[in-house]
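Structure assessment
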Amino acid sequence: MRLFDMLKGLDYVLIKGSDLEIEHITYSSREVVEGSLFFCIEGFKTDGHQFIQDAVNRGAKAIIVSKDVNVEEDVTIVKVKDTREAMAIVSSNFYGNPSKFFNVIGVTGTNGKTTSTFMIKSILDEYNRKTALLGTIYNIIGEKIEEAKRTTPESMDLQRLYSEMKNSGITDCIMEVSSHSLELKRVYGVEFKVGIFTNLTQDHLDFHKTMENYFNAKMKLFENSENCIINIDDEYGKRAAEMFKNKRVITYGIDNRADIMAENLKIDSDGSQFDLVINGVKRRVKLHLPGKFNVYNALGCIGAAIALNIPVDIAIKGLEKLQSVPGRSEKIVSHAGFTVVIDYAHTPDGIENILKAAREYTSGRLITLFGCGGDRDKGKRPLMGKAAGELSDFCIITSDNPRSEDPMAIINDIIPGIEQTGCKYIVIEDRKKAIEYAIKNAKKGDVIVVAGKGHEKYQILKDRTIEFDERKIVEGFLKEIITTDDIIKATCGKVFNLNENIIINKITTDSRKVEKGDVFIALKGEKFDGHDFLGEVKDKGAVCAVVSKFIPNVDIPQILVDDTLRAYKEIARYYRRRFDIPIVAITGSCGKTTTKEMIASVLSSRLNVHKTEKNFNNEIGLPMTILNLKSKHEASVVEMGMNHFGEIESLSYVALPKIAVITNIGTAHIENLGSRENILKAKMEITTYFNEENILVINSDDDMLSTVKTDKYKIIKFAINSDADYKAYDIIDLGQDGMEFKCNISGVERRFKVNLPGQHNIYNALSAIAVGDILGLQYEDIYNGILNFNPGSMRMNIVELKDDIKFIVDCYNANPDSMKAAIDVLNKFNGRRIAVLGDMFELGEFSKAMHKEVGNYLVDKCDVLIAIGEFAKEYYNEAMGKIECYYFINKEEALDFIKNFIKRDDVVLFKASRGMKLEYISDSLIEQRK
């Protein structure tokens with residue numbers, strides 16, 4: 001378009017240059033392209049005139065300025081009095097004055113703009129109009145929806161959107177018109193078919209300085225509106241109606257006589273009902289949105305419909321079809337019997353409106369969580385505190401968008417207002433923790449109003465902007481709440497003496513750890529019966545017990561089930577299904593815990609990871625682990641142990657893993673299962689609930705796992721010696737410093753390092769690489785997760801002592817395969833290599849042979865054997881005469897010997913099954929040599 005055509009209607013002076021073709025317009029020098037027109041806009045922090053040279057360098061051919069400038073290049077310079085006004089006129093011309101092709105409906109006021117625009121859109125949709133909406137939350141053009149960057153776009157952006165609307169055949173555009181946009185001429189030159197005034201209360205005085213200035217800014221909308229729809233119950237609305245009486249004015253109200261009125265209001269948690277009165281005719285209106293303020297919003301929108309010649313009955317249908325508005329009186333009803341309301345209220349009047357509405361349907365306490373924005377009107381902060389305190393039973397003062405201000409300084413500005421009211425309150429600066437506190441302390445019938453941010457999905461801090469979607473946060477914390485009704489539903493139990501739904505503190509199977517508000521699961525074992533402790537847990541404050549036999553002489557509510565262990569699993573499964581996150585389950589004959597920790601280390605480099613703690617990997621421990629899931633977790637890594645058929649199936653039933661990893665098939669628990677084939681069968685139970693979306697990750701170097709085939713789910717393989725999806729090659733043994741190797745990921749060769757010695761740790765790393773890659777982590781995340789991996793207590797921990805003595809402490813557990821792997825690690829060290837080995841348990845009839853096998857294996861890989869325990873005698877018998885050997889029946893005797901036996905440069909391995917508690921020796925020796 002020719003420049004001079006674009007300047008039509010504009011008072012300007014041509015400083016230099018001539019008419020030329022303009023291909024593009026912008027007010028950001030970074031967006032300048034060849035042939036652009038650049039507007040020099042004076043902002044609050046920067047001045048576009050400072051970026052003229054940058055714009056010219058990028059290809060700008062014309063510049064519109066309001067100051068004297070010196071530009072040597074051959075560009076056209078146009079000077080105007082106000083570049084904002086010029087940008088509005090020129091942009092409209094550039095895009096062909098698009099707003100003239102459809103109705104523009106503008107809504108202004110301190111509160112109610114967003115809801116009103118959604119109401120009008122619903123009315124127009126009901127009337128089969130093709131609509132667009134511009135506002136605080138979204139920009140909607142027909143079927144296209146995108147998040148809004150500001151309430152009212154800059155004039156150039158606005159005209160571009162108008163042009164898109166014209167090209168899309170839009171008939172009506174509804175838009176929020178902020179006081180800033182009116183003052184900064186973003187809507188300059190736009191002719192509004194309808195303008196709506198909702199109300200005016202204190203806000204934005206950091207910008208406008210006085211309420212009079214604020215009011216005058218709002219009135220600019222009506223200077224360019226054909227129809228003025230005005231709330232006559234608002235004092236400023238009365239002034240506005242008088243100011244524009246020469247135009248078509250439609251007034252609305254509840255308390256004062258108006259053209260459109262509401263009577264017989266009924267407000268509850270389901271919405272608002274009222275009689276609409278127009279010209280003496282009454283019609284009943286039922287809104288889904290609660291609150292008197294939403295009745296006002298509806299009246300204004302009906303006024304707009306009348307101005308647009310839309311039948312009133314159609315307008316009512318449109319209003320009644322609107323279910324909700326994002327972040328505006330947005331209710332989330334908890335299964336625990338309380339309600340959370342998310343609302344954008346960020347002014348004293350806004351707080352008052354939402355709390356009065358919430359009070360109508362609050363049977364318990366009305367709890368208000370709020371703060372105030374930083375770098376904004378400080379005068380409203382104590383007023384916000386006062387409004388909240390006067391209408392709430394309890395307040396939580398927290399951070400909003402502090403921006404450059406200290407959050408506590410803002411909170412301290414709020415406190416004087418709330419203290420005037422005598423309302424009880426607490427300060428929790430961290431907004432997420434404040435929301436958690438509110439939810440975790442709510443009771444049935446309470447209403448929690450979370451005010452200030454509404455639809456916003458971010459929080460603006462001093463140094464960064466973080467993701468902060470309050471609906472997601474609230475829903476996340478609600479997932480963590482377990483009630484007695486949840487337990488009844490999960491277990492299908494029969495209830496005794498429990499007459500209400502109670503929020504539970506936690507679920508426990510240990511009577512010693514019961515606290516007030518807990519539920520106790522009365523498990524029965526060979527040597528204990530939890531039912532014997534019902535009196536004790538009652539005295540400690542347990543709210544109820546899950547039992548398999550009713551105990552009538554203990555006055556505690558009871559939920560009767562057939563099997564309390566099965567019920568415990570059902571509760572955990574019920575809870576697990578609330579969390580849509582990948583769970584990675586690990587099993588295998590050895591290396592489960594190290595593999596679990598390494599996978600967790602990899603995933604933790606990018607995700608918030610939940611994992612099995614300690615040895616909680618059985619039918620009691622795994623449900624306990626699952627019940628510790630939190631909304632913050634993005635992935636979970638759980639370990640599954642077993643010693644009989646059916647155990648892993650039951651654990652998989654609870655955890656419902658997306659990915660399963662089987663490390664290897666050895667001889668651990670062969671006592672109960674009889675053969676490695678049966679061990680494989682038992683381990684494969686981990687896939688019982690798999691379908692085509694699940695993935696099994698296996699070690700294809702294992703002779704048993706290499707036989708696994710299926711078409712029911714995907715199998716991913718890792719290996720060193722066979723073909724696999726993730727294969728280690730070019731392995732470099734660094735001795736005690738670990739291992740390096742290469743592995744291809746998505747066809748790209750990548751190098752990794754494990755800071756632990758032993759080839760078995762390469763297998764562990766390969767499984768972690770596979771899981772990390774499956775879950776979409778980048779190479780750098782996977783690399784760092786493996787490099788920084790810490791195996792945890794008593795798992796190949798290398799402890800360096802004085803006199804260059806080294807301990808390899810691997811006392812967590814043992815079986816023949818893990819014992820050999822640990823001996824291989826010992827073999828890599830220089831110095832006198834001493835193996836302190838204890839019994840391996842759960843080998844049954846194979847025990848003697850397998851201890852002998854390990855004894856034979858170690859003779860070429862260590863210099864000294866110190867065998868401890870009944871079965872360890874077989875190590876001794878096999879190695880005696882081949883290497884230096886010592887045998888002790890118990891740990892105490894062995895310790896007395898080892899204290900004086902070890903010397904400079906010795907390397908000592910400590911390994912046995914968990915039941916041997918061999919760390920007694922290593923810990924005592926470490927303490928001695930500190």
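Within every chain, residues take consecutive numbers counted from 1 along the sequence as written. Two thresholds apply to this predicted model, a pLDDT of at least 70 for residue-level local features and 80 or more for giving and counting side-chain atom pairs, whereas whole-chain, interface and lining totals are computed over all residues. Excluded from the side-chain calculations are hydrogens and water; all other atoms, namely the structure's heavy atoms, are used.

Attention now moves to helix α30 (residues 891–901). Relative accessibility under 20% of the residue-type maximum defines a buried residue, over 50% an exposed one, and the middle range a partly exposed one, all with a 1.4 Å probe and only protein chains included. Per the convention used, a helix needs a DSSP run of H or I reaching at least four residues, while a strand needs a run of E reaching at least two, with both numbered from the N terminus. For α30, every residue scored as buried is listed here: Lys-891, Ala-894, Leu-895, Ile-898 and Phe-901. Mapping the buried residues of α30 onto a view down its axis gives an arc of 130°, with all of them on the same face. Turned more than 90 degrees from where α30 packs its buried face, Asp-896 and Asn-900 sit exposed. By definition, residues are in contact when any of their heavy atoms lie within 4.5 Å. Close packing links the buried residues of α30 with β42 (833–838), β43 (864–868), β44 (884–888) and α31 (919–928). By construction, the arc corresponds to the directions joining the helix axis to the C-beta atoms.

Further remarks concern the sheet that holds strand β5 (residues 76–79). We treat two strands as partners when DSSP finds at least two bridges between them. One open sheet holds the 5 strands; their spatial order is β1-β5-β4-β3-β2, and the pairing between them is mixed. Each edge of the open sheet carries a strand with a single partner, namely β1 (13–16) and β2 (24–26). Mean inter-strand twist for the sheet, computed between neighbouring axes without regard to direction, equals 20°. Of the strand pairs in this sheet, β2 and strand β3 (residues 36–39) are connected by 3 bridges, and their pairing is parallel. Pairing of His-24 across the sheet is with Ser-36, part of β3. Angles here are taken between N-to-C directions and fall from 0 to 180 degrees, while the axes themselves are lines fitted to C-alpha atoms, restricted in helices to the stretch in contact. Of the strands in this sheet, β2, β3 and β4 (60–65) are in contact with helix α3 (residues 83–94), which crosses β3 at around 150°.

This paragraph deals with the UniProt feature "domain: Mur ligase central" (unreviewed entry) in the chain. UniProt positions are given in the numbering used here, feature names are shortened, and annotations may be inferred rather than shown by experiment. As annotated by UniProt and renumbered to match this structure, "domain: Mur ligase central" (unreviewed entry) occupies residues 107–305 and 586–771. In residues 107–305, the share of helix is 36% and the share of strand is 31%. The end C-alpha atoms are 13 Å apart. From the first C-alpha to the last, residues 586–771 spans 11 Å; its make-up is 28% helix and 25% strand.

Turning our attention to the nonpolar core. Core analysis: the biggest nonpolar cluster contains 81 residues, and Ile-507 and Leu-696 have the highest contact counts within it. The definition of a nonpolar core used throughout is a set of buried Ala, Val, Leu, Ile, Met, Phe, Trp, Tyr and Cys residues joined through side-chain atoms within 4.5 Å. One finds Ile-140, Ile-254, Val-295 and Leu-319 within the second-largest nonpolar core, a separate group that totals 42 residues.

Looking now at the sheet that holds strand β35 (residues 714–719). Read across the sheet, 7 strands follow the order β31-β32-β30-β33-β34-β35-β36 without closing on themselves; strand pairing throughout is parallel. Either end of the sheet is taken by a strand with one partner, and the two such strands are β31 (609–611) and β36 (726–727). As judged from the 2 bridges shared by β35 and β36, these two strands associate in the parallel manner. The partner of Ala-719 across the bridge, within β36, is Lys-727.

On a regular strand, each side chain points to the face opposite its neighbour's, so the side chains alternate between the two faces of the sheet. Most of strand β34 (residues 695–699) is tucked away, with 5 of its 5 residues classed as buried. Side-chain alternation along β34 places Ile-695, Val-697 and Asn-699 on one buried face and Leu-696 and Ile-698 on a second face that is also buried. Bridge count for β34 against β35 is 5 bridges, and the pairing is parallel. In the strand pairing of β35, Leu-696 is matched with Ile-715.

The feature "binding site: UDP-N-acetyl-alpha-D-muramoyl-L-alanyl-D-glutamate" (unreviewed entry), as annotated in UniProt, sits at Ser-29, Thr-151, Thr-152, Ser-178 and Arg-186 in this numbering. These annotated residues cover 158 residues of sequence, and their C-alpha atoms reach 25.9 Å apart at the extreme, placing them across more than a single site. Structurally, the position occupied by Thr-152 is in the loop between β9 (144–147) and α5 (155–167). When sequence neighbours within four positions are dropped, the list of residues in contact with Thr-152 reads Met-175, Glu-176, Val-177, Ser-178, Ser-181, Arg-186 and Val-187. Residue classification places Ser-178 among the buried residues on the basis of a relative accessible area of 11%. Once residues lying within four places of it in the same chain are set aside, the contact partners of Ser-178 are Thr-151, Thr-152, Arg-186 and Lys-218.

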